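Chain by chain, the residues run as shown.
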Amino acid sequence: DAADISGGGLDLVNPLLTWSSTNKWFATVTGRIGYAVTPAALVYAKGGGVWVRDSNLLTFGAGTQSTPDATMNGWTVGGGLEYMFAPNWSVFAEYNYAWLNTRERSTFTRSTDGATFPYDVHNNLQTVLVGINYRFGGVGPINARY
């Protein structure tokens, strides 16, 4: 998925440092399991792996340090509701939480003099998805229902 997710704040160790992170894309591989609360409504949980393209900036006074873009990985869990409102058509809403592994000892490069120093980077993502699905296939002896 293409993304333009960004966030930032003060560093927990040194409040004079400001931190920002941008995620340019993310990808997930998940499976889901659910329970049909009615023939047309499915409540489900899902989980799997996540990969995120990450870029970070650290600012202290006039100097800015940045990390090279990197792909971080981790796991994701979530849940949602899907409702079939017409033959072959359904709508869904779901929430997902992604935990990404720490980029330990990422190397930041200072913009003022090119000096580098290590810093640990850890990001998590939370997403809410809504959508509509169309299932290809006709009516036959096996008709998918929730």
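Figured I'd write up the structure that's included with this text. (Residues numbered from 1 in each chain as written. Predicted model: local features only at pLDDT ≥ 70, side-chain atom pairs only at ≥ 80, totals over all residues. Heavy atoms only, no water.)

## What to know about the nonpolar core
Then, number 1: A3, F26, V50, V52, M72, A98, L100 and L125 together form the largest nonpolar core, which totals eight residues.
Then, number 2: Elements with a contribution of two residues or more to this core: β3 (41-60) and β6 (89-100). (Core = buried A, V, L, I, M, F, W, Y, C linked by side-chain atoms within 4.5 Å. Buried < 20%, exposed > 50% of the residue type's maximum accessible area, 1.4 Å probe, protein only. Helix = DSSP H or I, 4+ residues; strand = E, 2+ residues; numbered from the N terminus.)

## Digging into the environment of G9
Then, number 1: With respect to the helices and strands, G9 occurs in strand β1 (residues 2-10).
Then, number 2: Note: C-alpha distance between G9 and L58 (49 residues apart in sequence) is 9.8 Å.

## Regarding the packing of aromatic side chains
Then, number 1: According to the stated counting rule, one finds four aromatic pairs in the structure shown.
Then, number 2: With a centroid separation of 5.1 Å and an interplanar angle of 85°, the aromatic rings of Y134 and F136 are classed as edge-to-face.
Then, number 3: Using a relative accessible area of 38% as the deciding quantity, one classes Y134 as partly exposed.
Then, number 4: Through successive ring pairs, a cluster of aromatic residues spans W75, Y97 and W99.
Then, number 5: The ring centre of Y44 lies 4.4 Å from the NZ or CZ of R32, which sits over that ring. (Phe/Tyr/Trp six-rings, centres within 6.5 Å; stacked < 30°, edge-to-face > 60°. Lys NZ or Arg CZ within 6 Å of the ring centre and 35° of its normal.)

## A look at the side chain of T76
Then, number 1: Looking at the secondary structure, you find T76 in strand β5 (residues 70-86).
Then, number 2: Polar contacts involving the side chain of T76 include one to the main-chain carbonyl oxygen of Y97, which spans 3.0 Å. (Polar contact = N/O pair within 3.5 Å; in protein donor to acceptor, adjacent residues only side chain to side chain.)

## Things to note about the pattern of salt bridges
Then, number 1: One pass over the full model with this rule turns up four salt bridges.
Then, number 2: The shortest N-O distance in the salt bridge between K24 and D69 comes to 2.8 Å. Highlighted residues: K24 in strand β2 (residues 18-38) and D69 in the loop between β4 (63-66) and β5, separated in sequence by 45 residues.
Then, number 3: Its relative accessible area of 32% is what places D69 among the partly exposed residues.
Then, number 4: We note a salt bridge from K46 to E94, for which the minimum N-O separation is 2.8 Å. Of this pair, K46 sits in strand β3 while E94 sits in strand β6, and the two are 48 residues apart along the sequence. Exposure class is identical for K46 and E94. Each is buried.
Then, number 5: One salt-bridge network, held together by shared partners, links R32, E82 and R135. (Salt bridge = Lys/Arg side-chain N within 4 Å of Asp/Glu carboxyl O.)

## Side note on the layout of surface pockets
Then, number 1: Of the voids in this model, the second largest pocket is the one considered here, and its volume is about 150 Å³.
Then, number 2: Taken together, 13 residues line the second largest pocket, and the ones lying closest to its centre are F26, T28, N96, T127 and L129.
Then, number 3: Mapped by element, the contributors of at least two residues to the lining of the second largest pocket are β2, β3, β6 and β9 (124-134).
Then, number 4: Within the lining of the second largest pocket, the residues separate by chemical class into five nonpolar, five polar and three charged. (1 Å grid on protein atoms, 1.4 Å probe; cavity = no way out; pocket = protein on both sides within 12 Å on 5 of 7 lines; lining within 4 Å. Points joined across faces, edges and corners; volume = space filled by probe spheres on them. Nonpolar A, V, L, I, M, F, W, Y, C, P; charged D, E, K, R; others polar.)

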